[in-house]
Amino acid sequence: MPFRILSLDGGGLRGLITVRLLQRVAQRQGLARFIDRADLIVGTSTGGLLALGLASGRDLEEMAGLYLQYGKDIFKDAWWDNVRDLGKVRGADYDSKGLAAVLRRLFGDSTLGDLGRHVAITAFDLDNEAAEEAERTWKPKIFHNLPGSDTKDRGERVVDVGLATAAAPTYFPSHKGYVDGGVFANNPAMVGLAQALDRRNAARLRPALDDIRLLSVGTGKVGLYVKGVKHDWGYAQWAPKLSALLMDGVMGIADFQCAQLLGEHYCRLQVPILPDEPHQMDRVPALPVFDQIGRQRGVAEVNRVADWVQRFWM
């Protein structure tokens, strides 16, 4: 019996690209409800919000509204906040009030245990508050609602999990000691694979590796590179590039690992964002561009993935 995992990358407002790509796959005859067959939806940041929305029963067009209708509220910048924070020097670019209001509107006081589908949502715990100083550390956190011996997250409010997974450093404040899971898994495909294989899961939700089918969907690939063969740089030179460099690095290794472990049972859907196109995750005026990219780019790639879904997922 196949165990199907849908993995959704982080990327802020570029999550609209993810939604449109999924809609295009679903347009293939016989695939209209392929997402409903997912046994686990795993997400980071904006992908985490999409995972929570889909698990709560919302369809893809409703989730597109998260960006098109509420994007300006989530990434609402105020000049007095910029003055107070000296840009990003002393504080996050945005407060989380707008995002919190949107999440409350979508999910109310529901918990992970109330969701109709299984999810695994990444965040990063800045302090585990261990009693022993030697054991006190920061660490990755996976919020999930899979039944088994590890069920402590089922009582977590969906709103709080959403705020935690989307708390991207420099963009939003941390939430209850958590920041965005993108710091370790902006592509959470390996997180989904590991969570599915967790021995603490109920037996019926603990598949063999050969039974897993994993579809990973990105938010657009930006063509970034650093010229030259030697870079004797310090903080000032590396700082503007380091975030994107590390993020692309961990995304690439997750893709490689899943492909090696799962072979043809793994599929990645990603499309390019061209050098002259906007790619900033918080750029609200770029939403029409992201919408168009998701709707039109990568025809051959979408067809390849739809063929894979028909063969291995359905």
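I will try to describe carefully the structure that is included in this document. Every value quoted in this text rests on a predicted model; they were computed, and no experiment measured them.

Let us now look at the packing of aromatic side chains. Within this structure, the stated rule accounts for 9 aromatic pairs. Measuring from ring centre to ring centre gives 5.9 Å for Tyr94 and Phe172, while their planes differ by 40°; the resulting arrangement is tilted. Placement of the pair is Tyr94 in the loop between α5 (79-85) and α6 (97-107) and Phe172 in the loop between α7 (158-165) and β5 (178-180), with a sequence separation of 78 residues. Across the pair, exposure class does not vary: Tyr94 and Phe172 are buried alike. Judged by centre distance (6.2 Å) and plane angle (50°), the ring pair of Phe124 and Phe184 falls under tilted. Within this pair, whereas Phe124 is found in strand β3 (residues 119-125), its partner Phe184 is found in helix α8 (residues 182-185), the two being separated by 60 residues in sequence. Accessibility expressed as a relative area gives 13% for Phe124, which makes it buried.

Ranked by internal contacts, the top residues of the largest apolar core, which has 71 residues, are Leu6, Leu8, Val25, Phe34, Leu52, Leu215 and Val309. Residue contacts for Val309: discarding those within four places in its chain leaves Val25, Leu31, Phe34, Leu215 and Met314. Core analysis: the second largest hydrophobic core is formed by 17 residues, Phe3, Ala185, Ala189 and Ile212 among them.

Turning next to the pattern of salt bridges. Counted under the stated rule, the structure contains 19 salt bridges. Asp160 is paired through a salt bridge with Lys176; the nearest N and O atoms lie 3.3 Å apart. Here Asp160 is found in helix α7, whereas its partner Lys176 is found in the loop between α7 and β5, with 16 residues between them in sequence. Residues joined in a network through salt bridges with shared partners are Arg20, Glu61, Asp291 and Arg295.

Rules behind the numbers
Residues numbered from 1 in each chain as written. Predicted model: local features only at pLDDT ≥ 70, side-chain atom pairs only at ≥ 80, totals over all residues. Heavy atoms only, no water. Phe/Tyr/Trp six-rings, centres within 6.5 Å; stacked < 30°, edge-to-face > 60°. Helix = DSSP H or I, 4+ residues; strand = E, 2+ residues; numbered from the N terminus. Buried < 20%, exposed > 50% of the residue type's maximum accessible area, 1.4 Å probe, protein only. Core = buried A, V, L, I, M, F, W, Y, C linked by side-chain atoms within 4.5 Å. Contact = heavy atoms within 4.5 Å. Salt bridge = Lys/Arg side-chain N within 4 Å of Asp/Glu carboxyl O.

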